[in-house]
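Structural description and commentary
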Amino acid sequence: MSEHEQTSPSLDENQIMAERRQKLAAIREQRVAFPNDFKRSHFAKPLQETHGAKEREALEAEKVEVAVVGRMMLKRVMGKASFATLQDGSGRIQLYISNDGVGSETHEEFKRWDMGDILAARGTLFKTKTGELTVQATEVRLLAKNLRPLPEKFHGLTDQEQKYRQRYLDLIMNESSREVFFKRSQIVQGVREYMVAEQYLEVETPMMHPIPGGASAKPFVTHHNALDMPLYLRIAPELYLKRLVVGGMERVFEINRNFRNEGMSTRHNPEFTMMEFYEAYSDYHRMMEMTEGIIQHVARKACGGLHIQYQGKTVDLSHFERLTIVEAIKKYNPQYTDAQLNDRAWLKAEIARLGGKPVLSDGIGGLQLSLFEECAESQLWNPTFIVDYPVEVSPLARGSDTRPGITERFELFVVGRELANGYSELNDPEDQASRFMEQVKQKDAGDDEAMHYDADYIRALEYAMPPTGGCGIGIDRLVMLLTDAPSIRDVILFPQMRPE
């Protein structure tokens, strides 16, 4: 803030804005208020990396000329000389503005500029007596006037809800927030690198579907006026990606948004980013290997290793355990007996006792899964693949050839939450058609999340889909894990919020 504002913290924000609007009006009378003719030559961080360690005399001898731009985050006015700190997209650099360098008229004008203004400066690099790399300005200009006061500099932006609603302000004030989103970009790039190295082709499939499919979830509904028909924002890209496998694209992946009309929580946002990938002539074992490889690759890239900290505890990404649903239940609840875990009445009662809602129509497998979610899922801190899910909760997964009622499916859990879901794909069109019919029955009985019957997908399978493995990885949850973020809202730039 300007000196006036710093000494008057009680100054009303509206009064500050009124003063700044007056300053802007005065600028408009003199010249173009928001010029766009300054060309930057250098970014702050590379300048610090290249010249920050040099001795004062050596740097002075080089006469390094620079043109920098950024937001003024600090300002110290001292008579004939002033200092300012500019923040650009890469970092910060200090300016030295003096009557000798820019002229007394420009320096006086600079003194009227405010914290948060966007400035440009041209000059030569030097080191101050305290050793700080600084631009000795020969030119300084105002490029964009900031009308709203920034949060008080010593406390920054600390209100969590305001951070999510005004992400632009959060990014200005909090380096840790900027770091999360730089790291997110690195993680997504790392996923792409890994997939391309494994000979996968990146594709794009529709976001608006005539029939929602590929997952059990409630869709968002919209309407196409020209065709006069309902459309659904996609809940998953799965059925389109598998159509591509039928067409001979043997290894495909897509990183993009899914939309699910469900509640919001620390791990749920109605729109979220998934990576789904499919590989012909493979199975769920290969998908587990791929998932492990992807996560380890991006952890090394973003975190520098496989032992990371999450919410004060170490996560070991060097080893991925594999357990069945029953093995996981018994590992964390050794008091349960095999007889109890195969007794429907006991399972329903135990799920209810633990606070869950058993689906009364579920068989033993579905009830075991519900019990697992209540008593074991949150215990899975280090990466654990839970394998061999029941058919009744896996309508798109291939059934086991040797164990009736079981599918070749896994889910990956890390820090007590699901991170990935994959399986050997069901490629028998008749079996798939009957499972869709079973889903339709559930939908007719009132299950909003049950799947629709997709006749075109069945038609595609009737042209023969090779044996295939597929998997989906939640990118937001992966970023949460690798950036130590407690909430999904911390890793989505603009999370969904209730209206103010």
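Residues numbered from 1 in each chain as written. Predicted model: local features only at pLDDT ≥ 70, side-chain atom pairs only at ≥ 80, totals over all residues. Heavy atoms only, no water.

1. Let's talk about the domain arrangement of the protein chain
In many reports, interface size means the accessible area that the parts give up when they come together. Structurally, the protein chain comprises domain 1 (13–150) and domain 2 (172–320 + 383–490). In total, about 390 Å² of surface goes out of reach between domain 1 and domain 2, with carbon and sulfur atoms giving 62% of it. Linking domain 1 to domain 2 there are 1 residue pair in polar contact (both at pLDDT 80 or more). In the side of domain 1 that touches domain 2, the residues fall into 2 nonpolar, 2 polar and 1 charged. (Domains from an automatic or database assignment. Buried area = accessible area lost by both parts, 1.4 Å probe. Polar contact = N/O pair within 3.5 Å; in protein donor to acceptor, adjacent residues only side chain to side chain. Nonpolar A, V, L, I, M, F, W, Y, C, P; charged D, E, K, R; others polar.)

2. Points about the pattern of salt bridges
A full pass over the atoms with the stated rule returns 35 salt bridges. Its salt-bridge partner being E271, residue R257 comes within 2.6 Å of it at the nearest N-O pair. Of the two residues, R257 is situated in strand β10 (residues 251–259) and E271 in strand β11 (residues 271–280); the sequence distance between them amounts to 14 residues. Among the residues examined, E271 registers a relative accessible area of 28% and is labelled partly exposed. Residues K441 and E438 are paired through a salt bridge, measuring 3.9 Å at the closest nitrogen-oxygen approach. (Salt bridge = Lys/Arg side-chain N within 4 Å of Asp/Glu carboxyl O. Helix = DSSP H or I, 4+ residues; strand = E, 2+ residues; numbered from the N terminus. Buried < 20%, exposed > 50% of the residue type's maximum accessible area, 1.4 Å probe, protein only.)

3. Section: the sheet that holds strand β9 (residues 229–233)
Taken in spatial order, the 3 strands line up as β7-β9-β8 in an open sheet, and their pairing is antiparallel. The open sheet terminates on both sides in strands that have one partner only, identified here as β7 (208–209) and β8 (221–224). Here β8 runs beside β9; their pairing, made up of 4 bridges, is antiparallel. What sits directly across from H223, in β9, is P230. (Pairing = 2+ DSSP bridges.)

4. A closer look at the packing of helix α16 (residues 429–444) against helix α17 (residues 455–462)
Axis angle and axis distance: for two packed helices, these are the angle between their axes and the distance between the axes, and together they describe the pair. Two elements in contact, α16 and α17, have axes whose closest approach is 9 Å; the angle formed by their N-to-C orientations is 165°. Comparing the axis directions of α16 and α17 gives the class roughly antiparallel. Seen along the crossing, α16 lies across α17 with a hand that is right-handed. When α16 is examined against α17, the residues P429, Q432, A433 and F436 are found in contact with a partner set consisting of Y457, I458, L461 and E462. Here the residues of the contact of α16 with α17 sort into 6 nonpolar, 1 polar and 1 charged. (Axes fitted to C-alpha atoms, helices over the stretch in contact; angles between N-to-C directions. Parallel < 35°, antiparallel > 145°, perpendicular 65-115°, else oblique. Left-handed = near helix turned anticlockwise from the far one by under 90°. Contact = heavy atoms within 4.5 Å.)

5. Section: the UniProt feature "domain: Aminoacyl-transfer RNA synthetases class-II family profile" (unreviewed entry) in the protein chain
UniProt feature "domain: Aminoacyl-transfer RNA synthetases class-II family profile" (unreviewed entry): in the numbering of this structure it lies at residues 184–499. Here residues 184–499 runs as 35% helix and 22% strand, with 26 Å between its end C-alpha atoms. (UniProt positions renumbered as here; feature names shortened; annotations may be inferred.)

6. What about the UniProt feature "binding site: Mg(2+) 2" (unreviewed entry) in the protein chain?
Per the UniProt record, "binding site: Mg(2+) 2" (unreviewed entry) is annotated on E418. Along the polypeptide, E418 turns up in strand β17 (residues 417–424). Filtering out sequence-adjacent residues up to four positions away, E418 remains in contact with E411, L412, F413 and R477.

7. Here's the deal with unusual backbone geometry
With a phi close to 50°, D228 is a non-glycine residue in the positive phi region. The residue D228 is located in the loop between β8 and β9 in this model. The phi dihedral of Y281 is positive, around 60°, even though this residue is not glycine. Turning to its location among the elements, Y281 is positioned in the loop between β11 and α11 (284–303).

8. Notes on the packing of helix α14 (residues 344–353) against helix α15 (residues 364–375)
Remark: α14 packs on α15, axes separated minimally by 10 Å, with the N-to-C direction vectors making an angle of 25°. Between α14 and α15, the crossing angle belongs to the class labelled roughly parallel. Our pair here, α14 against α15, has a crossing hand that is left-handed. Each of R344, W346, L347, K348, E350 and I351 in α14 lies in contact with α15, whose residues at this interface are I364, L367, Q368, S370, L371 and E374. Split by residue class, the contact of α14 with α15 holds 6 nonpolar, 2 polar and 4 charged.

9. Observations concerning the packing of aromatic side chains
Scanning the model with the defined rule gives 11 aromatic pairs in all. A ring pair is formed by Y200 and F277, whose centres lie 6.0 Å apart and whose planes are at 80°; its orientation type is edge-to-face. Here the residue Y200 occupies a position in the loop between α9 (175–197) and β6 (201–202), and F277 occupies one in strand β11, the gap between them amounting to 77 residues. Just as Y200 is buried, F277 falls in that class too. Ring geometry for Y336 versus W346: centroids 5.1 Å apart, planes at 80°, classification edge-to-face. (Phe/Tyr/Trp six-rings, centres within 6.5 Å; stacked < 30°, edge-to-face > 60°.)

10. Notes on the side chain of T291
Within the secondary structure, T291 sits in helix α11. Polar contacts involving the side chain of T291 include one to the main-chain carbonyl oxygen of M287, which spans 2.8 Å.

11. As for a nonpolar patch on the surface
Taken together, Y168, L493 and F494 make up a surface patch of nonpolar side chains, about 350 Å² in accessible area. Its location among the elements puts F494 in the segment after α18 (475–483). (Patch = residues over 30% accessible without salt bridge, like charges linked within 9 Å, V, L, I, M, F, W, Y side chains within 5 Å. Areas by Shrake-Rupley, 256 points an atom, 1.4 Å probe, with all protein chains shown as cover.)

12. Points about the nonpolar core
Among the nonpolar cores identified, the biggest contains 48 residues, and M195, M275, F277, L317 and L481 are the most heavily contacted of them. Element by element, the count of residues in this core is highest for α11, at 9 residues. Ignoring any residue separated from it by four or fewer positions in sequence, one finds L481 in contact with I308, Y310, V315, L317, V414, V415 and L419. In this structure, L59, V64, L86 and L147 belong to the second largest nonpolar core, which totals 27 residues. (Core = buried A, V, L, I, M, F, W, Y, C linked by side-chain atoms within 4.5 Å.)

13. A short note on the sheet that holds strand β2 (residues 81–87)
For sheets, the rule is that strands pair by backbone hydrogen bonds, running either parallel or antiparallel. With respect to topology, 5 strands assemble into a closed barrel ordered β1-β2-β3-β5-β4, the strand pairing being mixed. Taking the axes of each pair of neighbouring strands and ignoring which way they run, one obtains an average angle of 55° across the sheet. Bridge analysis of strand β1 (residues 65–78) against β2 gives 7 bridges, and the strand direction is antiparallel. Bridged to L74 within β2 is T85. Packing against the sheet, helix α6 (residues 104–111) makes contact with β1, β2, β3 (92–98), β4 (118–127) and β5 (133–144), and its axis sits at approximately 55° to β2.

14. Focus: the confidence of the model for the protein chain
Detailed reading of the predicted coordinates is not advisable wherever pLDDT is low. The share of residues in the protein chain with pLDDT of 70 or more is 97%, and the mean pLDDT across the chain is 94. Scored below 50 in pLDDT, residues 1–10 shows 16 contacts in the model against residues more than four places distant or in partner chains. (pLDDT = per-residue confidence, 0-100.)

15. Details of helix α12 (residues 325–332)
The complete set of buried residues in α12 reads I325, A328 and I329. For α12, the angular spread of buried residues about the axis comes to 100°, placing them on one side. Here the buried face of α12 lies against β14 (321–324), α13 (338–341), α15 and β15 (384–387). (Arc of directions from axis to C-beta.)

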